[in-house]
Amino acid sequence: MNVKRLFKGPIPYLIIAALVFWIGISLMSMNGFREVSTQEGLAFLEKGQVKEAVITDGDQRVDLTLTKADDEFGKQVQFYYVGARAADVVEAVDAADPSGGYNDKVPQPSWLLSMLGLLLPLLLIGVFFWLMLSGMQGGGNKVMQFGKSKAKLVSKESPKVTFDDVAGADEAIEELEEIKDFLKEPAKFQAVGARIPKGVLLYGPPGTGKTLLARAVAGEAGVPFYSISGSDFVEMFVGVGASRVRDLFQQAKENSPAIIFVDEIDAVGRHRGAGMGGGHDEREQTLNQLLVEMDGFDVKTNVILIAATNRPDILDPALLRPGRFDRQIGVDAPDLAGRKKILEVHGKGKPLAASVDLEVVARKSPGFTGADLANVLNEAALLTARSNAQLIDNRALDEAIDRVIAGPQRRTRVMREQEKLITAYHEGGHALAAAAMNNTDPVTKVTILPRGRALGYTMVLPLEDKYSVTRNELLDQLAYAMGGRVAEELVFHDPTTGASNDIEKATGIARKMVTEYGMTTDVGAVKLGQSSGEMFLGRDMGHQRDYSEEIAQRVDAQVRELIEAAHDEAWQVITTNRAVLDRLAAELMEKETLDHNQLAEIFKDVKKLPPRPVWLSSKKRPVGSGSAVGSASFTAPIDSGAADGGVSSEPEPEAPAKPKRTRATKPRPATA
């Protein structure tokens with residue numbers, strides 16, 4: 001249990017209040033008399049040592065004032081008696097006949113104690129509820145301030161982030177530069193009838209720098225910057241979110257020009273009426289208030305709302321319309337030049353060796369976001385410090401890239417020689433299949449050292465950024481994925497479970513080629529399957545099948561055919577280049593990891609796969625004679641689900657006969 005947290009709760013205050021009450025009662029009940037036993041008190045009476053006696057009825061107590069102070073108890077003593085002894089006590093007092101007399105006393109309740117007993121429980125209950133309500137709001141907020149905004153105001157004394165600290169997002173910076181100018185010089189735009197944008201939505205994959213861009217706008221504009229997360233609006237009390245939205249926008253209007261930044265706006269901006277439950281809940285009330293506040297802006301208030309999300313597809317359409325979020329800026333993963341700039345930004349202050357070329361590091365990290373690249377440099381710095389080195393070298397950077405891609409190396413996992421040999425042939429099959437294809441990216445690294453959940457891996461990286469993928473490239477990816485399984489079958493005749501992930505990826509690519517990319521003649525260029533858009537039903541439950549059982553069987557058959565064709569192509573190139581595979585496996589058994597230079601030496605005599613026959617989407621669409629294969633094709637980003645189908649005027653050739661899978665000889669052991 002956290003001790004600091006315990007002391008911040010209501011328990012210590014309740015304990016202190018109880019102690020104060022007990023001490024007060026004790027002090028009020030003290031009257032200066034020392035308590036003695038009943039026997040000792042009666043002895044004082046029998047010996048005639050009592051000057052004055054007071055018998056208190058109800059308390060059954062006798063207070064005695066002695067004629068002479070006792071050495072042990074002093075001059076004032078008291079004792080108690082039970083009801084059965086009352087007559088004996090009275091008789092003893094009468095017999096003693098104190099010189100100062102005796103008195104009978106009936107106790108009267110104290111008005112102070114009565115009042116305290118009445119008010120103290122109410123006081124304790126009030127303190128308890130006050131502390132509980134204050135604790136719910138957190139951060140020292142006062143009671144009944146549920147509806148106050150939790151936005152943090154970035155002060156001028158805070159470290160400023162500028163556009164110089166942002167790299168790899170030039171287009172987004174251009175758009176946001178104009179927002180800065182709107183806030184600094186609104187009169188220039190109002191003079192030509194332009195109105196200030198009411199909202200800017202930054203969307204893109206996680207780690208691309210959306211929050212950093214918003215902080216940079218605040219640092220450049222020099223205006224009040226209110227930052228809040230989407231989840232901070234909604235609490236357990238109904239109506240709190242809407243109240244906080246009103247309070248936040250009121251504060252921003254009073255301090256305009258200002259910027260409001262809402263991170264992860266999908267927490268409150270999700271599509272209304274979606275999901276299994278009802279529609280009118282606390283989240284939707286908050287969204288409704290947000291829509292009203294954005295649309296109710298005065299043109300001259302100079303308040304801009306900037307929001308960030310990586311799920312723009314689930315936001316409510318009313319939130320995305322012009323007049324609310326006037327601008328929607330995509331912040332994607334950086335290209336090669338952007339990755340180099342990001343590495344330069346994060347490399348400031350780090351001791352890089354003279355041999356380090358950040359452009360080479362950028363080439364080795366395609367698809368990495370800004371957060372990934374920052375993590376690469378940080379991991380490299382940690383590895384350098386762990387090895388007691390002074391400079392970050394290429395070895396540390398290569399290891400850091402591998403860590404980000406596949407996880408840390410598992411040095412404690414010791415494999416048997418047979419498993420190691422199987423892994424060497426498996427990864428060698430991947431690498432050889434990739435090297436023998438005509439449209440794959442170059443193989444840059446192969447290792448049989450366990451890393452993450454893999455026993456080994458083959459790294460195939462593009463030389464330049466790619467935004468679309470052709471049909472032949474996808475077929476090469478399928479053959480490359482099946483290369484490891486084929487090598488196991490060809491060499492050991494006993495495949496292992498190590499190819500399960502390869503089969504999963506190959507099946508996913510093949511199914512997309514059939515159902516999304518329209519790259520088969522049997523099914524055609526038809527999108528099969530629709531997403532229902534129900535973001536509360538789970539990732540896999542929100543998809544609806546909009547095709548018949550017959551089409552489903554044809555889809556399954558086409559997927560199976562593509563996988564079998566890839567299997568056959570991998571079998572063909574590995575059988576043709578069996579000597580290269582044996583040499584590659586032997587080198588892996590000896591060195592465990594091979595880089596691109598060593599692989600280039602091994603693959604220099606690889607026989608490539610013969611070109612595939614021309615693929616036509618249909619025999620009925622000849623477009624003339626002599627046109628280039630794949631000409632006039634439409635290319636779209638692969639994320640949008642489009643790829644190069646290609647149309648050719650040449651007649652469709654007959655499919656080549658599948659290579660016969662011959663049984664290989666005994667496994668050839670790897671040589672040192």
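Going along each chain's sequence as written, the residues are numbered from 1 onward. The predicted origin of the model limits local features to residues at a pLDDT of at least 70 and limits the giving and counting of side-chain atom pairs to 80 or more, whereas totals for whole chains, interfaces and linings rest on all residues. For side-chain calculations, the full set of non-hydrogen atoms in the structure is used, while hydrogens and water are omitted.

The protein is annotated in an unreviewed UniProt entry as ATP-dependent zinc metalloprotease FtsH of Plantibacter flavus. Among the UniProt annotations of the protein, the heading Function (unreviewed entry) holds the following wording: "Acts as a processive, ATP-dependent zinc metallopeptidase for both cytoplasmic and membrane proteins. Plays a role in the quality control of integral membrane proteins." UniProt positions are given in the numbering used here, feature names are shortened, and annotations may be inferred rather than shown by experiment.

Trainee: Any details on the environment of arginine 195? Residues and values, ideally.
Mentor: The numbering of helices and of strands both runs from the N terminus, where a helix is a DSSP run of H or I of at least 4 residues and a strand a run of E of at least 2. Mapped onto the secondary structure, arginine 195 falls in the loop between helix H7 (186-190) and strand S7 (199-203). Burial here depends on accessible area, computed with a 1.4 Å probe over protein chains only, as a share of the maximum for the residue type. Under 20% is buried, over 50% is exposed, and the range in between is partly exposed. On the accessibility criterion, arginine 195 (42% relative accessible area) is partly exposed. Taking the C-alpha atoms as reference points, arginine 195 and phenylalanine 182, separated by 13 residues in sequence, lie 8.9 Å from one another.

Trainee: Give a description of the UniProt feature "active site" (unreviewed entry) in the protein that names residues and reports values.
Mentor: The UniProt record annotates "active site" (unreviewed entry) at Glu427. Within the secondary structure, glutamate 427 sits in helix H16 (residues 417-436). Any two residues having at least one pair of non-hydrogen atoms within 4.5 Å are treated as being in contact. Excluding its chain neighbours within four sequence positions, the residues that come into contact with glutamate 427 are Val446, Thr447, Ile448, Gly456, Tyr457 and Thr458.

Trainee: I'd like a rundown of the nonpolar core, residues and numbers included.
Mentor: Here, nonpolar core refers to any group of buried Ala, Val, Leu, Ile, Met, Phe, Trp, Tyr and Cys residues whose side-chain atoms link them within 4.5 Å. Within the largest apolar cluster, 55 residues are counted, with the highest numbers of intra-cluster contacts made by Leu478, Met513, Ile574, Leu584 and Phe603. Of all the secondary structure elements, the ones that give two or more residues to this core are H16, strand S12 (443-447), helix H17 (471-492), helix H18 (500-515), helix H19 (549-576), helix H20 (578-591) and helix H21 (596-602). For this core, the element with the most residues is H17, which contributes 11 residues. The residues touching leucine 584, leaving out its near neighbours within four places in the chain, are Gly428, Ala431, Leu594, Leu599, Ile602 and Phe603.

Trainee: Pulling in residues and values, what's your account of the sheet that holds strand S5 (residues 102-105)?
Mentor: In short, DSSP must find at least two bridges between two strands for them to pair. If you trace the five strands from one edge of the open sheet to the other, you get S1-S4-S3-S2-S5, paired in mixed fashion. Among the strands making up the open sheet, the edge pair consists of strand S1 (34-35) and S5. The angle between two axes is taken between their N-to-C directions and runs from 0 to 180 degrees, where each axis is a line fitted to C-alpha atoms and a helix contributes only its stretch in contact. Relative to strand S2 (residues 50-56), helix H4 (residues 86-96) is tilted by about 150°, and along the sheet it contacts S2, strand S3 (61-70), strand S4 (74-80) and S5.

Trainee: Residue-level account of the sheet that holds strand S13 (residues 457-460), with values.
Mentor: The antiparallel open sheet is built from three strands, whose spatial order is S13-S12-S16. At either margin of the open sheet sits one strand with a lone partner, and together these are S13 and strand S16 (593-595). When the angles between neighbouring strand axes are averaged without regard to direction, this sheet yields 10°. Looking at chain direction, S12 and S13 are connected through four bridges and run antiparallel. Pairing of lysine 445 across the sheet is with methionine 459, part of S13. Of the strands in this sheet, S12 and S16 touch H20, which is tilted by about 115° from S16.

Trainee: Explain the pattern of salt bridges to me, and be specific about the residues and the numbers.
Mentor: Only one rule defines a salt bridge in this text: a Lys or Arg side-chain nitrogen within 4 Å of an Asp or Glu carboxyl oxygen. Considering all chains together, one arrives at 27 salt bridges under this definition. A salt bridge links lysine 591 to glutamate 587, with the shortest nitrogen-to-oxygen separation between them at 3.3 Å. In this pair, lysine 591 and glutamate 587 are both assigned in helix H20, four residues apart and thus about one turn of the helix distant. The partly exposed category is assigned to lysine 591, whose relative accessible area is 41%. When the shortest N-O distance is used, the salt bridge between glutamate 601 and lysine 604 registers 2.9 Å. For glutamate 601, a relative accessible area of 39% gives the class partly exposed. Note on lysine 604: relative accessible area 53%, which makes it exposed. Via salt bridges that share partners, Glu379, Glu399, Arg403 and Arg451 belong to a single interconnected network.

Trainee: Now, about the packing of H18 against H19: what can you tell me, with residues and values included?
Mentor: As a packed pair, H18 and H19 sit with axes 9 Å apart at the nearest point and diverge in direction by 130°. When the axis of H18 is compared with that of H19, the two are oblique. As H18 packs across H19, the resulting crossing turns out to be right-handed. For the pair H18 and H19, the contacting residues are Ala506, Thr507, Ala510, Arg511, Met513, Val514 and Thr515 in the first and Val555, Asp556, Gln558, Val559, Leu562 and Ile563 in the second. Grouping the amino acids of the contact of H18 with H19 by side-chain chemistry returns eight nonpolar, three polar and two charged. In what follows, roughly perpendicular refers to angles from 65 to 115 degrees, roughly parallel to angles under 35, roughly antiparallel to angles over 145, and oblique to any angle outside these ranges. For any pair of crossing helices, the crossing counts as left-handed if the nearer helix is rotated counterclockwise from the farther one by less than a right angle, and right-handed if it is rotated clockwise. Gly falls in the polar group here, along with every residue not listed as nonpolar (Ala, Val, Leu, Ile, Met, Phe, Trp, Tyr, Cys, Pro) or charged (Asp, Glu, Lys, Arg).

Trainee: Describe empty space enclosed by the protein, listing the residues and the values that go with them.
Mentor: Cavities and pockets were defined on a 1 Å grid built over protein atoms only: a cavity is a set of grid points that admits a 1.4 Å probe from which the probe cannot escape, a pocket is an open set flanked by protein on both sides within 12 Å along at least five of seven lines, and lining residues are those with an atom within 4 Å of any such point. Grid points are joined across faces, edges and corners, and a volume is the space filled by probe spheres set on the points. Tallied over the entire structure, the rule returns three cavities of 30 Å³ or more. Of the volumes computed, that of the second largest cavity is approximately 40 Å³. Lining the second largest cavity are Phe182, Pro186, Phe189, Gln190, Ala194, Arg195, Ile196 and Asn302. Ranked by residue count, the leading element in the lining of the second largest cavity is H7, at three residues.

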